[in-house]
Each structure stands twice: as C-alpha cells, then as structure tokens.
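Observations on the three-dimensional arrangement
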Amino acid sequence: MLQMSDSQFPSGAFSHSFGIETYISNGTVHDSSSFQNVLELFLMNQLVYTDGLACRFAYEWLESGKLDQLWELDQSLYALQMARETREGNRRIGDRLVKVVSTLYPSPVFEKYLDELKKKNVYGHGALVFAIVSHHLGIDVETAVSCYGFATTSSLVQNAVRGVPLGQTDGQRILVEIQPLLTRSVERIMSLDESDFGIGSPGLEIAQMQHETINVRLFMS
C-alpha cells in the first residue's frame, strides 16, 4: 500500500489537478494557505461522498462476492463526474492503475475487470483498484480507504507544488497538517450509507468544467 500511495507511482495522476488549476488561474489559490483551503474542500466533498465512499463500497461488495455491483459502481462513478475532463482524467488513471496493479498483484477480480474494460462495459477508476488490491492482499477496508485518501492527497499536493508553485517544504508541511482532516474524512466515510453516495460540491464542479477554457494549462484537468 505504501508503494501504491507514493505520488511517483505510475498512475498518471501527476497530469491532473481536477479543477484546482482553475482556482490557480483565477487567483483563488495563490499560496500554501489558499491551496490548503481548496484541498480541504476537495477532500470533504469529492473524497468523502464519492471516491472514498466508492472505495469502501467496492471492498464490502468484494467481501460479499457481488461483482455485478462492483461494475455498476464503476459506471456510477463515471456518470457522477459532470465535468468532461474530470471524467476522462479519472478514466485514464483508473485504466492505467488496473493494468499496472493487475501485473504486480494478479487476481481473478483484476482479470475480470480488465475483461470488462476491453468490452467497454466499465471505464476504470482508482478507488476500485485500491479496493480490489487491498481485498486481495488481506488489508482491512479502513486501511484501504485511508491509503486511497492519502494517495489522492499526495498527488494533489505535488501537483500544487508545480502549479502554484509551492516549495517542496510547504508541500510536505501541508501533508502533515492535513492528516487530522484525512482521519476525520475516513471516519466519516465509514459511517455513511448508499443514500449519501454522490453528494457533490457545485463550486468545485464548476471549476472542473471551466478548466478546459483557461488560457495556459499545465494539467489535463
């Protein structure tokens, strides 16, 4: 899990800001403090109610052998992403992760996932990959969700280091200071039910939509 949570893991996440570059472009994010505010917004909305919750559901359905629900969850994750670049960004990351992780930790579920991807029945999402590999390795669900949350956070921080730009020390300080929020986010995820899935943040979704129209871009989303 340390290997997969490393921001250098070849998932392609380094190419995506998921709307944060829009905030950099319009001046909302201009230093470490303003970036941390937006990062907290992202984690308490996108992570808690969509991606992180999906990771938990995927793990629990694997425990119950409900693979059909796993594929439906993949389709729901794709449909919930209103911004085109965000949909495509998560699809690319998910597709890449499935291929890399299934080579490192082969399992029948990954074989099935790859088959469903080839048939275009699913799109691929990193949250499901973390759940599948964690379940396969016997890692508990809360640790799986925690690692997925940290991997997401670490990637966004490293992208902000390049995009704002921030100093490397500032980036590492944010990763330390965000830990209590990450812990609370995971606790929240573990307490939710299916009726909570997909709650979003309109401001963040609008920023994700606006990204494709900004003049200068370092990131694909």
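These lines cover the structure that appears in this document, whether it is placed above or below. (Residues numbered from 1 in each chain as written. Predicted model: local features only at pLDDT ≥ 70, side-chain atom pairs only at ≥ 80, totals over all residues. Heavy atoms only, no water.)

It is worth spelling out the overall build of the protein chain at this point. Looking only at helices and strands, the protein chain features eleven helices and zero strands. When the elements of the protein chain are put in sequence order from the N terminus, they spell out α-α-α-α-α-α-α-α-α-α-α. A buried classification covers 55% of the 221 residues belonging to the protein chain. Put simply, 79% of the contacts in the protein chain that link residues at least 6 apart link residues at least 24 apart. Here the protein chain carries 17 positive and 26 negative side-chain charges, and the mean point of each set is 7 Å from the other. (Helix = DSSP H or I, 4+ residues; strand = E, 2+ residues; numbered from the N terminus. Buried < 20%, exposed > 50% of the residue type's maximum accessible area, 1.4 Å probe, protein only. Contact = heavy atoms within 4.5 Å. Lys, Arg positive; Asp, Glu negative; His and termini not counted. Charge placed at Lys NZ, Arg CZ, Asp CG, Glu CD.)

Let's shift gears to the packing of aromatic side chains. On inspection of all chains with the given rule, the structure shows five aromatic pairs. Ring centres of Phe-57 and Phe-197 lie 6.1 Å apart, and the angle between their planes is 65°; on these two criteria the pair is classed as edge-to-face. Note that Phe-57 is positioned in helix H3 (residues 32-63) and Phe-197 in the loop between helix H10 (179-191) and helix H11 (202-210), a separation of 140 residues in sequence. Grouped by ring-pair contacts, the aromatic residues Phe-57, Trp-61 and Phe-197 constitute a single cluster. (Phe/Tyr/Trp six-rings, centres within 6.5 Å; stacked < 30°, edge-to-face > 60°.)

Following both chains from N to C, one finds helix H5 (residues 84-104) and helix H6 (residues 108-118) inclined at 145°, their axes separated by 10 Å at the closest point. Between H5 and H6 lies a crossing of left-handed hand. Every residue of H6 that contacts H5 at Asp-95, Val-98, Lys-99, Val-101 and Ser-102 is listed here: Phe-110, Tyr-113, Leu-114 and Leu-117. A class-by-class count of the residues in the contact of H5 with H6 yields six nonpolar, one polar and two charged. (Axes fitted to C-alpha atoms, helices over the stretch in contact; angles between N-to-C directions. Left-handed = near helix turned anticlockwise from the far one by under 90°. Nonpolar A, V, L, I, M, F, W, Y, C, P; charged D, E, K, R; others polar.)

Our next topic: H11. For H11, the set of buried residues is Leu-204, Glu-205, Ala-207 and Gln-208. All buried residues of H11 lie within an arc of 160° about the axis, which places them on one face of the element. Residues of H11 that are buried in the fold lie against helix H2 (20-25), H3, helix H4 (67-80) and H5. (Arc of directions from axis to C-beta.)

The residue Gly-19 is located in the loop between helix H1 (2-5) and H2 in this model. Accessibility expressed as a relative area gives 1% for Gly-19, which makes it buried. Sequence separation between Gly-19 and Leu-192 is 173 residues; the distance between their C-alpha atoms is 26 Å. Discounting chain neighbours no more than four positions away, the residues touching Gly-19 are Ala-207, Gln-208 and Ser-221.

The peptide bond linking Val-164 to Pro-165 adopts the cis configuration, its omega dihedral lying at -5°. Along the chain, the position of Pro-165 falls in the loop between helix H8 (141-163) and helix H9 (168-177). A positive phi angle, near 50°, is found at Phe-18, a position not held by glycine. Mapped onto the elements of the fold, Phe-18 is located in the loop between H1 and H2. Residue Lys-120 is not a glycine yet carries a positive backbone phi of 65°. Mapped onto the secondary structure, Lys-120 falls in the loop between H6 and helix H7 (126-137). You can call Lys-120 exposed: its relative accessible area is 70%.

A few words now on the nonpolar core. Counting 69 residues, the largest nonpolar core has Phe-35 and Tyr-113 as its most contacted members. With 16 residues, the single largest contributor to this core is H3. Excluding anything up to four places from it in sequence, Phe-35 contacts Ile-20, Val-29, Leu-156, Val-157, Ala-160, Leu-166 and Ile-174. (Core = buried A, V, L, I, M, F, W, Y, C linked by side-chain atoms within 4.5 Å.)

Under the criterion given, the structure shown has zero disulfides. Between Cys-55, a cysteine without a disulfide, and Cys-147, which holds the nearest cysteine sulfur, the sulfur-to-sulfur distance is 9.1 Å. Judged by relative accessible area, which is 1%, Cys-55 ranks as buried. (Disulfide = S-S within 2.5 Å.)

The next thing to look at is H4. With 14 residues, H4 extends 20 Å from end C-alpha to end C-alpha; this agrees with the ideal 20 Å at 1.5 Å per step. Of the positions making up H4, those classed as buried are Leu-70, Trp-71, Leu-73, Asp-74, Leu-77 and Tyr-78. All buried residues of H4 project into a common sector of 150° when viewed along the axis, lining one side. Within H4, the exposed residues directed more than 90 degrees away from the buried face are Asp-68 and Ala-79. Among the structural elements, H3, H5, H6 and H7 are those in contact with the buried residues of H4. (Expected span 1.5 Å × (residues − 1).)

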